Amino acid sequence: MDSFWQKLPKPFFVLAPMADVTDAAYRRLIAESGAPDVTWTEFVSADGLYHTREVQKMLDAENPLMRDLQFTEGERPIVAQLFSSKPDMMAYAAEVVATLGFDGVDLNMGCPDRSIEKQGAGAALMKNPELAVALVQAAKEGVAKSGRAVPVSVKTRIGYNKETIDEWIPKILSAEPAALTVHLRTRKEMSLVPAHWDLMSRVVALRDVYAPGTRIIGNGDVRDLTDARQKVAESGADGAMIGRGVFGNPWVFAGRAYDDTSPAERLAALATLARYFEEITPPKSFQILKKHIKAFANGFPGAAELRATLMETESADELAAIVASYQLPSES
Ligand SMILES: Cc1cc2nc3c(=O)[nH]c(=O)nc-3n(C[C@H](O)[C@H](O)[C@H](O)COP(=O)(O)O)c2cc1C
């Protein structure tokens, strides 16, 4: 049976997983502002899900893993991203997210975070391709146990210390993921150099040979849909993934560039986001919302002073009151 990946019109544009940024609150705001074709959750620890496997612990209102796995219908199709280096735990977690109603399961094979790599997960899997393939297989078996046909995809990079597209990409494609997102940098490059979109066509050519059914998504430095369309057209990818381009711009998938949004609508969106943020259960520290303040309250005279005031707030009501009484320079 065809998965939702097969039914997406091309090119398609998807929201990147970003820990503590694209949480349930921001995803909801983005869905309401012009939804992406596919939404990713932040990454979730498969081992964490495995270790809370008694049903009661799993459904405990205080379980932060369940908080990260909340979603609204407007976010569909929604893909849950998991990380692990242990096939049995990956299988279990894939079964759980399929049972929870997610439309897809994605395996993280690109995260450079030391705490993730120490577990042998994330980017470390590029150094252990056999295990990477086994994890995809395990996730597929886990999903099958749920009784639902949920496609398994992978998000990775172009190599570890150096670009190894010709070795790594065919290897991971041999596991036949439904989709493969390639962040066009090596692990070593972190996000410090421009993404190598010039290499994307090689990934696409390998897909054509090794796994024609796999959808290929390019990622890295895509600012907005205009930029995405151009990068996809030049590279032959099926779609593009946007991460940091959503900072302060939840309308990016509606085709708007940051500079086309007004300070007034950005501040109103920030107040809405603060409200959604408070509705997440169990609650996250209001502190985490503050990286959004920097992105939304930006780009007008007096923005720095307003940001400083907003940073002092501790609730959505307090933030909304300041935003409501603020006179933007152009309006005074
Ligand atoms: C704050 C932050 C958190 C991220 N968290 C994740 C994550 O949980 N899983 C993942 O696969 N990538 C994660 N990434 C990487 C992004 O998904 C994306 O690959 C990267 O930012 C490059 O795309 P961009 O230039 O469009 O931002 C994160 C990036 C940022 C900036």
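All residue numbers here refer to positions counted from 1 along the written sequence of the relevant chain. Restriction of local features to residues with pLDDT of at least 70 applies here, the model being predicted, together with a cutoff of 80 or more for giving and counting side-chain atom pairs; totals for whole chains, interfaces and linings are based on all residues. Remark: hydrogens and water are excluded; side-chain values derive from all non-hydrogen atoms of the structure.

Peer 1: Explain the domain arrangement of the protein to me, and be specific about the residues and the numbers.
Peer 2: Split by domain assignment, the protein resolves into domain 1 (7–258) and domain 2 (262–331). Marked domain ranges trace back to an automatic or database domain assignment. Spacing between the C-alpha centres of domain 1 and domain 2 amounts to 29 Å. By definition in these notes, contact holds between two residues if any of their heavy atoms fall within 4.5 Å. Taken residue by residue, the interface counts 24 residues in domain 1 and 19 residues in domain 2. Among the ionic pairs, lysine 284 bridges to aspartate 20, the shortest N-O distance being 3.2 Å. Polar contacts, as used here, are pairs of N or O atoms within 3.5 Å; protein pairs need one atom able to donate a hydrogen and one able to accept it. Residues neighboring in sequence count only if both atoms are side-chain atoms. The interface formed by domain 1 and domain 2 contains nine residue pairs in polar contact (both at pLDDT 80 or more). The helix and strand labels rest on DSSP assignments: H or I over at least four residues marks a helix, E over at least two residues marks a strand, and numbering proceeds from the N terminus. Looking at the side of domain 1 that touches domain 2, the elements that each hand over two or more residues are helix H2 (24–34) and helix H5 (64–68). No other element matches the six residues that H2 contributes to the side of domain 1 that touches domain 2. Residues belonging to the side of domain 1 that touches domain 2 are distributed by class as follows: twelve nonpolar, three polar and nine charged. The salt bridge definition used is simple: a Lys or Arg side-chain nitrogen within 4 Å of an Asp or Glu carboxyl oxygen. Only Asp, Glu, Lys and Arg are considered charged, only Ala, Val, Leu, Ile, Met, Phe, Trp, Tyr, Cys and Pro nonpolar, and every remaining residue, Gly among them, polar.

Peer 1: Report on the side chain of threonine 22, specifying residues and quantitative values.
Peer 2: Mapped onto the fold, threonine 22 is located in the loop between strand S1 (12–15) and H2. Engagement of the side chain of threonine 22 in a polar contact is seen with the backbone nitrogen of methionine 18, the distance being 2.9 Å. Beyond its immediate stretch of four places on either side in the chain, threonine 22 contacts Leu15, Ala16, Pro17, Arg27, Trp40 and Glu42.

Peer 1: Explain the site of the ligand to me, using residue names and the numbers behind them.
Peer 2: Throughout, the term near means that a residue has one or more heavy atoms lying within 4 Å of the molecule or strand in question. With respect to spatial proximity, 16 residues lie near the ligand, and among them Pro17, Gln81, Asn219, Asp221 and Arg244 are the closest. Aspartate 221 places a polar main-chain atom, nitrogen or oxygen, 2.7 Å from an oxygen atom of the ligand. Arginine 244 has a polar side-chain atom sitting 2.6 Å from an oxygen atom of the ligand. Residue burial considers only the protein chains on display, and all accessible areas are found by Shrake-Rupley using a 1.4 Å probe. Look at the ligand: alone it shows 610 Å² of surface, and the protein chains cover 83% of it.

Peer 1: Can you tell me about the nonpolar core, naming the residues and giving the values?
Peer 2: What is meant by a nonpolar core is a set of buried Ala, Val, Leu, Ile, Met, Phe, Trp, Tyr and Cys residues, joined one to another through side-chain atoms within 4.5 Å. Exposure categories follow from relative accessible area, calculated using a 1.4 Å probe and restricted to protein chains: below 20% of the type maximum is buried, above 50% is exposed, and the middle band is partly exposed. By size, the foremost hydrophobic cluster in this structure holds 91 residues, and its most contacted members are Leu82 and Leu107. A total of eight residues in this core trace back to one element, the largest contributor, which is helix H12 (residues 263–279). No fewer than three residues from each of domain 1 (7–258) and domain 2 (262–331) sit in this core. When sequence neighbours within four positions are dropped, the list of residues in contact with leucine 82 reads Val44, Ala46, Leu49, Met90, Ala93, Ala94, Val97, Val105, Asp106, Leu107 and Asn108.

Peer 1: Describe the pairing of strand S8 (residues 239–242), with residues and values.
Peer 2: Neither face of S8 is left uncovered, since the one carrying Gly239 and Met241 and the one carrying Ala240 and Ile242 both have all their residues buried. Bridge analysis of S1 against S8 gives four bridges, and the strand direction is parallel. Residue pairing for S8: valine 14 is matched across the bridge by methionine 241. Each parallel crossover has a hand, and the one from strand S7 (residues 215–219) via helix H11 (residues 225–235) to S8 is right-handed. Should DSSP find at least two bridges between two strands, the strands are taken to pair. A crossover gets the label right-handed when its path from the first strand over the helix to the second runs clockwise, viewed with the strands pointing away from the viewer.

Peer 1: Now, about the packing of aromatic side chains: what can you tell me, with residues and values included?
Peer 2: Two aromatic rings from Phe, Tyr or Trp, using only the six-membered ring of Trp, form a pair when their centres are within 6.5 Å; if the ring planes differ by under 30 degrees the pair is stacked, by over 60 it is edge-to-face, and anything between is tilted. The full count for this structure, using the stated rule, is nine aromatic pairs. Each ring, one from phenylalanine 71 and one from phenylalanine 102, has its centre 4.7 Å from the other, and the planes form 50 degrees; the classification is tilted. Of this pair, phenylalanine 71 sits in the loop between H5 and strand S3 (78–83) while phenylalanine 102 is found in the loop between helix H6 (87–99) and strand S4 (104–109), placing the two residues 31 residues apart along the sequence. Through a chain of ring-to-ring contacts, three or more aromatic side chains come together here, namely Phe4, Trp5, Phe12 and Trp40. Remark: a charge is flagged as sitting over a ring if the NZ atom of Lys or the CZ atom of Arg is within 6 Å of the ring centre and within 35 degrees of the ring normal. Sitting above the plane of the tyrosine 160 ring, lysine 127 keeps its charged end 4.2 Å from the centroid. Positioned above the aromatic ring of tryptophan 251, the side-chain terminus of arginine 256 is 5.4 Å from the ring centre.

Peer 1: An account of the packing of helix H8 (residues 129–146) against helix H9 (residues 165–173) is requested, with residue identities and associated values reported.
Peer 2: Angles shown run from 0 to 180 degrees and are taken between the N-to-C directions of axes, each axis being a line fitted to C-alpha atoms and, for helices, limited to the stretch in contact. In the contact formed by H8 and H9, the axes pass within 9 Å of each other and the chain directions differ by 25 degrees. By the criterion of interaxial angle, the relationship of H8 to H9 is roughly parallel. In the packing of H8 onto H9, the handedness of the crossing is right-handed. Two secondary-structure elements touch here, H8 through Pro129, Glu130, Ala132, Val133 and Val136 and H9 through Trp168, Lys171 and Ile172. Broken down by class, the residue content of the contact of H8 with H9 amounts to six nonpolar, no polar and two charged. Angle categories: roughly parallel below 35 degrees, roughly antiparallel above 145, roughly perpendicular from 65 to 115, and oblique for all the rest. In this scheme the crossing of two helices becomes right-handed for a clockwise turn of the near helix relative to the far one and left-handed for an anticlockwise turn of less than a right angle.

Peer 1: How would you summarise the sheet that holds S1 if you had to cite specific residues and measurements?
Peer 2: Taken together, eight strands build a closed barrel; the order of strands is S1-S2-S3-S4-S5-S6-S7-S8 and the barrel is parallel. Across the sheet, the mean angle separating the axes of adjacent strands is 25 degrees when strand polarity is ignored. Across four bridges, the pairing between strand S5 (residues 152–157) and strand S6 (residues 179–183) is parallel. Across the sheet, arginine 157 pairs through a bridge with histidine 183, a residue of S6. Sitting on the sheet, H2 is in contact with S1, strand S2 (38–45) and S3, with an inclination near 175 degrees to S2. Against the sheet, H9 contacts S4, S5 and S6, and its axis sits at roughly 155 degrees relative to S6.

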